[in-house]
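Fold and geometry: a report
What follows is each chain in one-letter form.
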Amino acid sequence: MINFFDFYFFKEVENTNDVLKLKRKLIKDKNLAIFSEHQVVGRGRLGNIWQSKKGDLTCSFLINKEIKLSNIGRINLIFANILIKVLKKLGKKIEFKFKWPNDIFINNNKISGILIENILNKKKIESLIVGIGINFVSSPILDNNSSISLKQLGFNPSPLNIFFQISKEIAYYFSNFEKVNFFSLSQNLTQSFYKKKGKILIKSKKKVIEGLFREINADGEIIIQS
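These remarks concern the structure in this document. (Residues numbered from 1 in each chain as written. Predicted model: local features only at pLDDT ≥ 70, side-chain atom pairs only at ≥ 80, totals over all residues. Heavy atoms only, no water.)

Overview of the sheet that holds strand β11 (residues 208-216)
Read across the sheet, three strands follow the order β10-β11-β12 without closing on themselves; strand pairing throughout is antiparallel. Each end of this open sheet is capped by a strand with a single partner; those strands are β10 (199-203) and β12 (222-225). The average undirected angle you get between the axes of adjacent strands in this sheet is 65°. Sheet topology note: the β11/β12 ladder contains four bridges and is antiparallel. Following the sheet pairing, F213 is matched in β12 by I224. (Pairing = 2+ DSSP bridges. Helix = DSSP H or I, 4+ residues; strand = E, 2+ residues; numbered from the N terminus. Axes fitted to C-alpha atoms, helices over the stretch in contact; angles between N-to-C directions.)

So, in structure tokens, the structure goes:
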């Protein structure tokens, strides 16, 4: 991990992903990881807002690695598994669930989110910027979803320590991307899927698909029966 990332630490930034977009233009061919004690303008998928306070974890990672466009779903497999793995290490037997495509839930409450922004070059992913937020102290209501914090669950870990744990896992997976058992990762998320029974709604930019959840496959695709 020490050789994989260059690390940056901030008291406050507007948005950690945007900081990395700027640094990418200035610093070539480096994998970067940034940690900010406070993020002012957080955002999620499809233009949604991610609110956080000082004391929550707000961090982002720039990974320069050529990846086939057909493997784009596998990136999400890696990050969702990393978050669940790191959160489970906190010690108590809590069921952390994966909500498609980029959230971690406990019961009906969101605790963490992932924002992946791929930088494409022809038919390949040239690099990716991934923002991660975890509610350590705050539990805002956003997008009609309630949330919960680690503090409310009785956890009091160091955000910086969790940041380093996540960084270590990312370094491992992307240093060994070609050897990763994506079938195993997909099965983990299938078993941990949020609301496996009953109908679910999948929202995209243009439409909403309704159906029964079947599985997450090894390509990181969700399979539903409509």
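Brief notes about a nonpolar patch on the surface
On the surface, a nonpolar cluster with roughly 240 Å² of combined accessible area is contributed by L69, I72 and L120. Tracing the backbone through its elements, the reader meets L120 in strand β8 (residues 109-121). (Patch = residues over 30% accessible without salt bridge, like charges linked within 9 Å, V, L, I, M, F, W, Y side chains within 5 Å. Areas by Shrake-Rupley, 256 points an atom, 1.4 Å probe, with all protein chains shown as cover. Salt bridge = Lys/Arg side-chain N within 4 Å of Asp/Glu carboxyl O.)

Let's talk about the sheet that holds strand β1 (residues 6-10)
Sheet strands associate in pairs through backbone hydrogen bonding, adopting either a parallel or an antiparallel arrangement. Pairing is mixed in the open sheet, where seven strands are placed in the order β1-β2-β5-β9-β8-β7-β6. Here the strands that pair on one side only, and so sit at the sheet edges, are β1 and β6 (96-99). Across the sheet, the axes of successive neighbouring strands diverge by a mean angle of 20°, strand direction being ignored. Where strand β5 (residues 57-68) meets strand β9 (residues 124-134), ten bridges bridge the pair, whose relative direction is antiparallel. The residue bridging L62 from the neighbouring strand is I129, located in β9. In the packing of helix α3 (residues 159-175) onto the sheet, the strands contacted are β1, β2 (32-36), β5 and β9, and the crossing angle to β5 comes to about 5°. (Contact = heavy atoms within 4.5 Å.)

Brief notes about the nonpolar core
Residues F79, I134, I166 and F174 are the most contacted members of the largest nonpolar core, which totals 54 residues. Looking at which element gives the most residues to this core, the answer is helix α2 (residues 72-88), with ten residues. If near-sequence neighbours (up to four positions away) are discounted, F174 is found in contact with F4, I63, K65, I67, I75, I78, F79 and L128. With seven residues, the next largest nonpolar core counts V13, V19, L20 and L32 among its residues. (Core = buried A, V, L, I, M, F, W, Y, C linked by side-chain atoms within 4.5 Å. Buried < 20%, exposed > 50% of the residue type's maximum accessible area, 1.4 Å probe, protein only.)

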